[in-house]
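# Observations on chain architecture
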Amino acid sequence: MGVKGSYIGQRNRRIEIVQYSAVKNAIGENQETAENSIGFFWAARVDASGAEGEDGKILHINQRVYNTVFNSTILEFGERMTVKDAGKEYNIFHVSEVGRGEQLKIKALIRE
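Now for a quick tour of the structure. (Residues numbered from 1 in each chain as written. Predicted model: local features only at pLDDT ≥ 70, side-chain atom pairs only at ≥ 80, totals over all residues. Heavy atoms only, no water.)

## Considerations on unusual backbone geometry
Convention followed: Every helix listed is a DSSP run of H or I at least four residues long, and every strand listed is a run of E at least two residues long, numbered separately from the N terminus. Throughout, exposure labels follow a simple rule: accessible area from a 1.4 Å probe, protein chains only, divided by the maximum for the residue type, with under 20% read as buried, over 50% as exposed, and the rest as partly exposed.
In the Ramachandran plot, alanine 86 falls in the positive-phi region, its phi being about 55° despite a non-glycine side chain. When you line up the elements, alanine 86 lands in the loop between β4 (81–85) and β5 (88–98). For alanine 86, a relative accessible area of 62% corresponds to the exposed category.

Structure, rendered in structure tokens:
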């Protein structure tokens, strides 16, 4: 799955892209709790996991790259969204367009 993206047969993971809105709690603090689903998409997934040390602790970083159909909302605001896949939420840190309005490459990670 290089620069050209993925073919329809390779998109075998059903993911949900969600965006959280900031709402205020009873004492006026901002909390990101209101969930707005952008939609469900079929995507091809590539795992790229690793571990890093932080103050003597080992954190496991699970990074995934998804190729899915083009969506202009995700391209514009994707870095403030989350991917839900297999019961876990991965924070999107990069979105790029593959081709001209054909596909999106979404990079997301979770720290465990």
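## Quick look at the pattern of salt bridges
As a reminder, the rule being used: Salt bridge criterion: a side-chain nitrogen from Lys or Arg within 4 Å of a carboxyl oxygen from Asp or Glu.
All chains considered together, the criterion is met by 7 salt bridges. The closest approach of N and O atoms between aspartate 85 and arginine 45, which form a salt bridge, is 3.1 Å. Taken together, the residues aspartate 85 in strand β4 and arginine 45 in strand β2 (residues 30–54) connect sequence positions 40 residues apart. Taking the relative accessible area as the measure of exposure, aspartate 85 reaches 2% and is therefore buried. Taking the shortest distance from any N to any O, the salt bridge between aspartate 47 and arginine 64 comes out at 2.9 Å. One end of the pair, aspartate 47, is in strand β2; the other, arginine 64, is in strand β3 (residues 57–69), and 17 residues separate them in sequence. It is possible to trace a salt-bridge network through shared partners that takes in Arg13, Arg45, Asp47, Arg64 and Asp85.

## Focus on the packing of aromatic side chains
The following threshold applies: Ring geometry is summarised as follows: Phe, Tyr and Trp rings, the Trp one being its six-membered ring, pair when their centres sit within 6.5 Å, and such pairs are stacked at plane angles under 30 degrees, edge-to-face over 60 and tilted between the two. As a reminder, the over-ring test applies to NZ of lysine and CZ of arginine, requiring each to be within 6 Å of the ring centre and within 35 degrees of the ring normal.
In this structure the tally under the stated criterion is 0 aromatic pairs. Sitting over the ring of phenylalanine 40, arginine 14 keeps its end group 4.4 Å from the ring centre.

## Comments concerning the environment of lysine 107
Residue placement: lysine 107 occurs in strand β6 (residues 103–111). By relative accessible area, which is 29% here, lysine 107 ends up partly exposed. Distance from lysine 107 to serine 96, taken between C-alpha atoms, is 8.7 Å for residues 11 residues apart in sequence.

## Examining the pairing of β6
Our working definition: Strand pairing follows a simple DSSP-based rule, namely that at least 2 bridges must link the two strands.
For β5 and β6, the ladder comprises 7 bridges, and the chain directions are antiparallel. Note on β6: the bridge partner recorded for asparagine 91 is leucine 109. With antiparallel pairing between neighbouring strands as the criterion, β5 and β6 make up a hairpin whose turn holds 4 residues, including glycine 99 at a positive phi of roughly 75°.

## Some words on the pairing of β5
By the bridge criterion, 4 bridges tie β4 to β5 in an arrangement that is antiparallel. For aspartate 85, the partnering residue across the bridge sits in β5 and is lysine 88. Following β4, the chain reverses through 2 residues before pairing antiparallel with β5; alanine 86 in that reversal takes a positive phi of roughly 55°.

## What about the side chain of asparagine 62?
As a reminder of what qualifies: Working rule for contacts: check all heavy atoms of both residues, and any pair within 4.5 Å makes them a contact.
Relative to the assigned elements, asparagine 62 resides in strand β3. Excluding residues within four positions of it along the chain, asparagine 62 makes contact with Ser49, Tyr90, Ala108, Leu109 and Ile110.

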